[in-house]
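Chain by chain, the residues:
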Amino acid sequence: VHCGQKSAPTTIGQALKMLNPEGPNTLTVYGTCKENVVITSFDNLTLQVATGAAASINDASGGTADVIIIGDSTRITIQGFTINGGGEGVRCFDHSLCRLNGNTIQGSSGAGVRLSRARATFTGNVIQNHSYVGLQVSNGSQAYTNGDTIQGNANGVFVGGGSFLVEVAT
């Protein structure tokens, strides 16, 4: 995916429509993407930044929608992005399994990352400068973190509603 370029696909959303949701699929992304990405009913999908490149996903809604929404999906990996703004940076819900590796998630008007009835692993992310909370784990969710930095948010971490968060030592 070459965001902002002339050759298709130019958005992650366009590329997702071309894939078999049963996977496995890997999308390698270059450039600055200005969109709100919705991943629904996918299995074994990886969104990754091209080796040696930088890529960002920036809110296109003016703060009214989440930047990345993952619902009813399993084995979804988001790797190496800078994710900017949105109502929330990343929302993983509806019994999804999400893996976030090496991302910087920043500047949302709500939670940086919110889990609701979901499972997630976090490795080497920076979750910062959100107006609400950096990481929200709720409604029976399970989260595992390893080497993540959560800083500069109105509140750091919220865990409630029969959920848990475990820091995994390496």
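Residues numbered from 1 in each chain as written. Predicted model: local features only at pLDDT ≥ 70, side-chain atom pairs only at ≥ 80, totals over all residues. Heavy atoms only, no water.

Draft legend 1. Expanded view of the sheet that holds strand β3 (residues 37-40). Strand order across the open sheet formed by six strands is β3-β6-β9-β12-β15-β18, with parallel pairing between neighbours. Edge strands, defined here as strands with exactly one partner in the open sheet, are β3 and β18 (155-159). Each strand axis lies, on average, 5 degrees off the axis of its neighbour in the sheet, ignoring direction. As defined by bridge partners, strand β6 (residues 68-71) adjoins strand β9 (residues 90-93) across four bridges and the pair is classed as parallel. Within the sheet, the bridge partner assigned to I70 lies in β9 and is C92. (Pairing = 2+ DSSP bridges. Helix = DSSP H or I, 4+ residues; strand = E, 2+ residues; numbered from the N terminus. Axes fitted to C-alpha atoms, helices over the stretch in contact; angles between N-to-C directions.)

Draft legend 2. Examining the state of the cysteines more closely. Using the criterion set out here, one finds two disulfides in the structure. Paired by a disulfide, C3 and C33 hold their sulfur atoms 1.9 Å apart. Disulfide C3-C33: torsion about the S-S bond near 80 degrees, hence right-handed. Of this pair, C3 sits in the segment before α1 (12-17) while C33 sits in strand β2 (residues 31-34); the two residues are 30 residues apart in sequence, bridging distant segments of the chain. Look at C3 and you get buried, because its relative accessible area is 5%. Taken in N- to C-terminal order, the disulfide-linked cysteines of the protein are connected 1-2, 3-4. (Disulfide = S-S within 2.5 Å. Buried < 20%, exposed > 50% of the residue type's maximum accessible area, 1.4 Å probe, protein only.)

Draft legend 3. Quick peek at the nonpolar core. Among the nonpolar cores identified, the biggest contains 37 residues, and I12, I39, I68, I78, F81 and V113 are the most heavily contacted of them. Residues in contact with I78, not counting those within four places in the same chain, are I39, L47, I68, I70, I83, R99, L100, N101 and N103. (Core = buried A, V, L, I, M, F, W, Y, C linked by side-chain atoms within 4.5 Å. Contact = heavy atoms within 4.5 Å.)

Draft legend 4. Spotlight on the side chain of T145. By secondary structure assignment, the location of T145 is in strand β16 (residues 142-146). There is a polar contact of 2.4 Å between the side chain of T145 and the side chain of D148. (Polar contact = N/O pair within 3.5 Å; in protein donor to acceptor, adjacent residues only side chain to side chain.)

Draft legend 5. Summary view of a nonpolar patch on the surface. A contiguous nonpolar patch, built from Y144, F164, V166 and V168 and spanning about 280 Å² of accessible area, is present on the exposed surface. What makes Y144 partly exposed here is its relative accessible area of 30%. (Patch = residues over 30% accessible without salt bridge, like charges linked within 9 Å, V, L, I, M, F, W, Y side chains within 5 Å. Areas by Shrake-Rupley, 256 points an atom, 1.4 Å probe, with all protein chains shown as cover. Salt bridge = Lys/Arg side-chain N within 4 Å of Asp/Glu carboxyl O.)

Draft legend 6. A look at the pattern of salt bridges. In the structure shown here, the tally under the stated rule is three salt bridges. Across the salt bridge formed by R75 and D43, the nearest N and O atoms sit 2.8 Å from each other. With R75 in strand β7 (residues 74-79) and D43 in strand β4 (residues 43-49), the pair connects residues that are 32 residues apart, well separated along the chain. A residue is classified by how much of its surface remains accessible, and R75, at 36% relative accessible area, is partly exposed.

Draft legend 7. How the structure looks around the side chain of S96. Inspection of the secondary structure assignment puts S96 in the loop between β9 and β10 (97-101). One polar contact links the side chain of S96 to the main-chain carbonyl oxygen of F93, over a distance of 2.7 Å. Here S96 is in contact with I70, G71, D72, S73, R117, A118 and R119, once residues within four sequence places are set aside.

Draft legend 8. Up close: the packing of aromatic side chains. Evaluation of the coordinates by the stated rule reveals one aromatic pair. Ring geometry for Y144 versus F164: centroids 5.8 Å apart, planes at 85 degrees, classification edge-to-face. Linking Y144 in strand β16 with F164 in strand β19 (residues 164-167), this pair joins segments that are 20 residues apart in sequence. The class of F164 is partly exposed, set by a relative accessible area of 32%. The residue whose ring lies beneath R91 is F93, and the NZ or CZ to ring-centre distance is 4.6 Å. (Phe/Tyr/Trp six-rings, centres within 6.5 Å; stacked < 30°, edge-to-face > 60°. Lys NZ or Arg CZ within 6 Å of the ring centre and 35° of its normal.)

Draft legend 9. The arrangement of unusual backbone geometry in detail. Along the chain, A8 connects to P9 via a cis peptide bond; the corresponding omega equals -5 degrees. Topologically, P9 is positioned in the segment before α1. A positive phi angle, close to 50 degrees, is found at R117, a residue other than glycine. Residue placement: R117 occurs in the loop between β12 (113-116) and β13 (119-123). For R117, a relative accessible area of 41% gives the class partly exposed. Notably, N139 is not glycine yet its phi reads approximately 55 degrees, a positive angle.

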